[in-house]
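Next come the chains, spelled out residue by residue.
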Protein chains: 2
Amino acid sequence: MNMSDFYSDGARRLKPSAIRKMVHLIDKPGIISLAGGMPSTETFPMDIIRELFDQVYARRGPAAFQYGLTGGIRELAVWLAEFMATRGVTASSENIIMTSGSQQALRLVGEVFLDPGDVAVVELPSYIGGTTALRNAGADLVGVSQADDGIVTDELDATVARLKAQGRRVKLLYTIPNFQNPSGISISTSKRREILRLAARHDFLIIEDDPYYELFFGDSVEQPTMKSLDEDGRVIYLSSFSKILAPGFRAAWMCADPAIVRTIEIAKEAADICSSTMDQAIVLAYCKDGHLARHVPKIRRFYYERRNVMVDALRRHMPAGVTWTEPSGGFFCWARLPSGLDSEAMLPESVDRGVAYVVGAPFHVDGGGQNTLRLAYSKEAPNSLTRGVEILSKLISDHLRDPNGSRTGN
Amino acid sequence: MNMSDFYSDGARRLKPSAIRKMVHLIDKPGIISLAGGMPSTETFPMDIIRELFDQVYARRGPAAFQYGLTGGIRELAVWLAEFMATRGVTASSENIIMTSGSQQALRLVGEVFLDPGDVAVVELPSYIGGTTALRNAGADLVGVSQADDGIVTDELDATVARLKAQGRRVKLLYTIPNFQNPSGISISTSKRREILRLAARHDFLIIEDDPYYELFFGDSVEQPTMKSLDEDGRVIYLSSFSKILAPGFRAAWMCADPAIVRTIEIAKEAADICSSTMDQAIVLAYCKDGHLARHVPKIRRFYYERRNVMVDALRRHMPAGVTWTEPSGGFFCWARLPSGLDSEAMLPESVDRGVAYVVGAPFHVDGGGQNTLRLAYSKEAPNSLTRGVEILSKLISDHLRDPNGSRTGN
């Protein structure tokens, strides 16, 4: 039988993510991986996790392993509502729903808000998991450029105006305002305010995807969350425990207008009934007993050190003509090669030389970005980061000298 | 702002499940609940869970809390592929994908196979979570009656033939062949074979949802799984650890044609990246170390005892004219009242008298079943089951004597 005869229109649109397709290429033993966007297992608070399990087991007993409410453990929703105050947001548990990672929230937002033919505006570049979730709902994705201080708001305005003039329905903007995956860029305060003004003027929703919020390298996140500036409930705020505890606990939360939360909850009931109850109970204990507050500063220092190592290596080794971001938080630097160089074409040679990265083009919904690449400092130890950037810099230098260069490159 | 202006067509179709709507009515302290379809927390192997966590923590370390593969832990997929032999199925890990409960599998099947306007055929009655997942994909659901030995295959044949003659695309049949939720009915072997013949003749897929397989009360499940009879890969088989370990671990598996598994995996990547990795690691340890094989017989005895208590009480107390199923496994008896009685109208009075059940109508996609109700013996202790059936029988007797009876009913 040919199964594809049975597939839905949606299934015919499904594509494996570009990162998934790259895995066979970059997943080699001994390789220095600047590719993986995962948190380092070294940041997982193993002793605390042991203690949290013991506590959940003893205090909750069998109830910790029963089906839970679709919206999540109520006590956790209450805690997160209060926690949102640290991000400038006044919320109650009615504003909060737990999801199986923010990925599930993105997929449910797609399901609940996007019809085929609707437009979702995204940053150039943007997180592939986010753009895929929105595209799977049948939306057309339109990209807007980023400057060093975030999305170009004039271009956002003009793009939405043009689409509306064409009779298109622009339903939402998807943005990762802090230490963006993949670019490492944060949006300035003035641009955040301008984005909200544009959203009100053009009447679109804002998906504020903020998984890296706590991973700032200065004294705090300098800019207010857009949710904290949101007066009419059009910001759907997403955050997660994946980077501040561990991603294997599929525990994330959405903070949004109660009407949206209720609708997302109904869609989630059909999607998975509830998220792992033990994962949520462990997360609750992590939050309530002050572990989160004590542990997160260690995670910040961990990634700050690595970020500094990578930035230092980039400054020392990258040839002239290559530019990169120097993020104030999160996991990623983003490099731009002189035009004419193609990061996808270079990848096999880079892997041969012992370094993997993620090519930038798949993060661009407009088909651009061939000369860009994402460099994660989250996975490798400092000396490997330095060595990896050195090797990569040499490769790029070789290609700059000889754009059609030989595969051995020496 | 009015959020509903932004909703997708799909979101406008979303309805809270009928059970969810009933919760405020039946979730009263002290009530005898014949309503909940959850496993009893008494069946959760708490000592084993403690041991499994310790083992996963010690052996896997931080990797147990990292992102995992979308398809699930490979070692678990390999184990489950071999385990499928106990259900008559020859499989490899290519046939297996882990999902966040079978509910996620049902939602992904809906996404991957159903376009708005496609037809999915379901049993009358059928599991609400299943019908909701398929309806959320935009499919039209058409019901086919059940007899004591399962779906009426002549009616299935005629229904599909009629729909096809009308130009409709019948994509799939959704069936729960063993100890069905809600009816407790199992499909006979001859009917399973006939369903497969009809699927081949009319070219539709079969979703075989089999969460209760291990909970048989005789020596074994008497009938072969349809997947074991499937020669051309049209059966998508779903099963779960929710009833044989605990549902808080959101761990279920699909066994299907490798092409289907790959497509479901791509859809799942956008839906939640991966299921809880700790949950899966614990499930793997539960399976590999023989705990599953040792523990499941205890679960069988537990529910068999309760089933016998309920069936005995029904035989002793129910007035003439009421019929019910006596299941050979699973969680549920299904009662049919003399026509004219309406289980939904009776529910508030039943709750007043101290007993909750689930009304039957929402399990019927054809709008019928007003005189039916689901009675779960999974939750309450034996003496409460007896008492609950007694109270309910008295209520029904009162209504039979006086169909317009007073609310006090005495």
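Everything quoted here is computed from the prediction, not taken from an experiment.

## Some thoughts on the overall build of chain A
Within chain A, the secondary structure is distributed over 13 helices and 14 strands. For chain A, the C-alpha radius of gyration of 22 Å lies close to 22 Å, the compact-globule estimate for 410 residues. In terms of overall dimensions, chain A has a C-alpha envelope of 60 × 55 × 55 Å along the principal axes. The buried share among the 410 residues of chain A stands at 66%.

## Overview of the interface of chain A and chain B
Much of the literature gives interface size as the accessible area that the parts lose upon coming together. On the chain B side, the residues contacting the 78 residues of chain A number 78 residues. Contact with chain B buries surface across chain A, with A:Phe6, A:Phe65 and A:Tyr67 losing the most and accounting together for 11% of the total. Counting across the interface, chain A meets chain B through four salt bridges. Here B:Arg50 ties to A:Asp54 by a salt bridge, and the two come within 2.5 Å at their closest N and O atoms. Counting the contacts that link chain A with chain B gives 40 residue pairs in polar contact (both at pLDDT 80 or more).

## Let's talk about empty space enclosed by the protein
If you walk through the whole model with that rule in mind, you get two cavities of 30 Å³ or more. For the largest cavity, the full set of lining residues is A:Gln104, A:Arg107, A:Leu108, A:Glu111, A:Ala271, A:Asp272, B:Gln104, B:Arg107, B:Leu108, B:Glu111, B:Ala271 and B:Asp272. The space that makes up the second largest cavity amounts to roughly 50 Å³.

## Notes on helix α7 (residues 153–165) of chain B
All names here are of chain B. Between the first and last C-alpha of α7 there are 18 Å, a value that for 13 residues agrees with the 18 Å anticipated at 1.5 Å per step. All of the buried residues in α7 are Thr-153, Leu-156, Thr-159, Val-160 and Leu-163. For α7, the angular spread of the buried residues around the axis is 120°, confining them to a single face. Exposed side of α7, more than 90 degrees from the buried face: Asp-154 and Ala-165 are the residues found there. Those residues of α7 that are buried lie in contact with β3 (119–124), β4 (140–147), β5 (150–151), β6 (170–175) and α8 (189–202).

## Description of the pattern of salt bridges
Counted by the stated rule, this structure contains 50 salt bridges over all chains. Of the charged contacts, one joins B:Arg300 and B:Glu214 as a salt bridge, the two residues approaching to 3.2 Å between their closest N and O atoms. Placement of the pair is B:Arg300 in helix α12 (residues 291–317) and B:Glu214 in the loop between β7 (205–209) and α9 (226–229), with a sequence separation of 86 residues. Counted as one network, the salt bridges with shared partners bring together A:Glu349, A:Arg353, A:Lys394, A:Asp398 and A:Arg401.

## With respect to unusual backbone geometry
All names here are of chain A. The residue after Leu-124, namely Pro-125, is reached through a cis peptide bond having omega 0°. Unlike most non-glycine residues, Ile-273 shows phi in positive territory, near 65°. Looking at the secondary structure, you find Ile-273 in the loop between α9 (258–272) and α10 (277–288).

## A look at the packing of aromatic side chains
For the structure on display, the rule yields 27 aromatic pairs over all chains. With 3.7 Å between their ring centres and 5° between their planes, A:Phe53 and B:Phe53 make a pair best called stacked. Here B:Phe53 lies in helix α3 (residues 46–60) and A:Phe53 lies in helix α3 (residues 46–60), a pairing that spans two chains. You can call A:Phe53 buried: its relative accessible area is 1%.

## Examining the sheet that holds strand β2 (residues 96–99) of chain A
Residues and elements named next belong to chain A. Strand order in the open sheet formed by eight strands is β2-β9-β8-β7-β6-β3-β4-β5, with mixed pairing between adjacent strands. Two strands bound the open sheet, and with one partner strand each, they are β2 and β5 (150–151). Sheet contacts for helix α5 (residues 101–113): β2, β6 (170–175), β7 (205–209), β8 (235–240) and β9 (252–255); angle to β8, the most-contacted strand, approximately 155°.

## Here's the deal with the relation of the copies chain A and chain B
For these two chains of identical sequence, chain A goes onto chain B by a turn of 180° and a shift of 0.0 Å along the axis, with RMSD 0.0 Å. The superposition of one copy onto the other is thereby described by a two-fold rotation axis. Of every C-alpha in chain A, the one belonging to A:Ser276 sits nearest the axis of rotation, 3.4 Å from it. Take the interface residues of chain A: 100% of them recur as interface residues in chain B, which is what a same-surface contact looks like.

## So, the confidence of the model for chain A
Note: predicted coordinates in regions of low pLDDT should not be interpreted at a detailed level. All names here are of chain A. Mean pLDDT over chain A works out to 95, with 98% of the residues at or above the 70 mark. Across residues 406–410, where pLDDT falls below 50, the model places 13 contacts with residues more than four positions away in sequence or in other chains. Among the scores for the predicted complex, ipTM is 0.95 and pTM is 0.96.

## Observations regarding the packing of helix α11 (residues 277–288) of chain B against α12(B)
Packed helices, taken two at a time, are described by the angle their axes make and the gap between the axes. Residue and element names in this part refer to chain B. Viewed as axis vectors pointing N to C, α11 and α12 meet at an angle of 85°, and their least axial separation amounts to 5 Å. One finds that α11 runs roughly perpendicular with respect to α12. Facing α11, whose interface residues are Ala-285, Tyr-286 and Cys-287, α12 presents His-291, Leu-292 and His-295. Taken together, the residues that form the contact of α11 with α12 break down as four nonpolar, two polar and no charged.

## Remarks on helix α2 (residues 18–26) of chain A
Residue and element names in this part refer to chain A. Among the residues of α2, Ala-18, Met-22 and Ile-26 are the ones counted as buried. Projected down its long axis, α2 carries its buried residues within an arc of 60°, all on one side. Across from the buried face of α2, at angles greater than 90 degrees, the exposed residues are Lys-21 and His-24. The inward-facing, buried residues of α2 contact α6 (128–136), α12 (343–353), β12 (355–356) and β13 (358–359).

## Description of the side chain of A:Ser378
Residues and elements named next belong to chain A. When you line up the elements, Ser-378 lands in the loop between β14 (372–376) and α13 (382–401). Look at Ser-378 and you get buried, because its relative accessible area is 0%. Here the side chain of Ser-378 touches Met-38 through a polar contact of 3.1 Å, landing on its backbone oxygen. Beyond its immediate chain neighbours, meaning those up to four positions away, Ser-378 contacts Gly-36, Gly-37, Met-38, Ser-40, Phe-302, Tyr-303, Arg-306 and Phe-331.

Parameters and conventions
- Starting from 1, residues in each chain are numbered consecutively following that chain's sequence as written.
- Here the convention is simple: chains get letters from A, ligands get numbers from 1, in the order in which they are written.
- Thresholds applied to this predicted model are a pLDDT of at least 70 for local features of residues and 80 or more for the giving and counting of side-chain atom pairs; totals over whole chains, interfaces and linings are not thresholded and use all residues.
- For side-chain calculations, the full set of non-hydrogen atoms in the structure is used, while hydrogens and water are omitted.
- In this text, helices come from DSSP runs of H or I with a minimum length of four residues, and strands from runs of E with a minimum of two, each type numbered from the N-terminal end.
- Radius of gyration: over C-alpha atoms. The globule rule applied is 2.2 Å multiplied by the number of residues raised to the 0.38 power.
- Only protein chains enter the accessibility calculation, which uses a 1.4 Å probe; a residue is then buried when its area is under 20% of its type maximum, exposed when over 50%, and partly exposed in between.
- Note on contacts: a residue pair qualifies if any of its non-hydrogen atoms lie within 4.5 Å across the two residues.
- Two parts placed together each lose some accessible area; with a 1.4 Å probe, that loss summed over both constitutes the buried area.
- Each reported salt bridge corresponds to a side-chain nitrogen of Lys or Arg within 4 Å of a carboxyl oxygen of Asp or Glu.
- Each polar contact in these results corresponds to two N or O atoms within 3.5 Å; when the atoms are within protein, one needs to be able to donate a hydrogen and the other to accept it, and residues that are neighboring in sequence are counted only if both atoms are side-chain atoms.
- Residues are called lining when one of their atoms sits within 4 Å of a cavity or pocket point, these points coming from a 1 Å grid over the protein atoms alone, where a cavity is a set in which a 1.4 Å probe fits but cannot get out and a pocket is an open set with protein on both sides within 12 Å along at least five of seven lines.
- Grid points are joined across faces, edges and corners, and a volume is the space filled by probe spheres set on the points.
- Multiplying 1.5 Å by the residue count of a helix minus one yields the expected span of that helix.
- Regarding the arc, it is the one traced by the directions from the helix axis to the C-beta atoms.
- Pairing of aromatic rings covers Phe, Tyr and the six-membered ring of Trp, with a centre-to-centre limit of 6.5 Å; geometry is then stacked below 30 degrees between planes, edge-to-face above 60, and tilted otherwise.
- Pairing between two strands is assigned when DSSP locates at least 2 bridges connecting them.
- To obtain an axis, a line is fitted to C-alpha atoms, over the contacting stretch when the element is a helix, and the angle between two such axes runs from 0 to 180 degrees between their N-to-C directions.
- Superposing the copies works by least squares over the C-alpha atoms of residues that have pLDDT at least 70 in both of them.
- Confidence scores labelled pLDDT are given residue by residue by the predictor and lie between 0 and 100.
- Here is the rule for angles: anything less than 35 degrees is roughly parallel, anything more than 145 is roughly antiparallel, 65 through 115 is roughly perpendicular, and the remaining ranges are oblique.
- Only Asp, Glu, Lys and Arg are considered charged, only Ala, Val, Leu, Ile, Met, Phe, Trp, Tyr, Cys and Pro nonpolar, and every remaining residue, Gly among them, polar.

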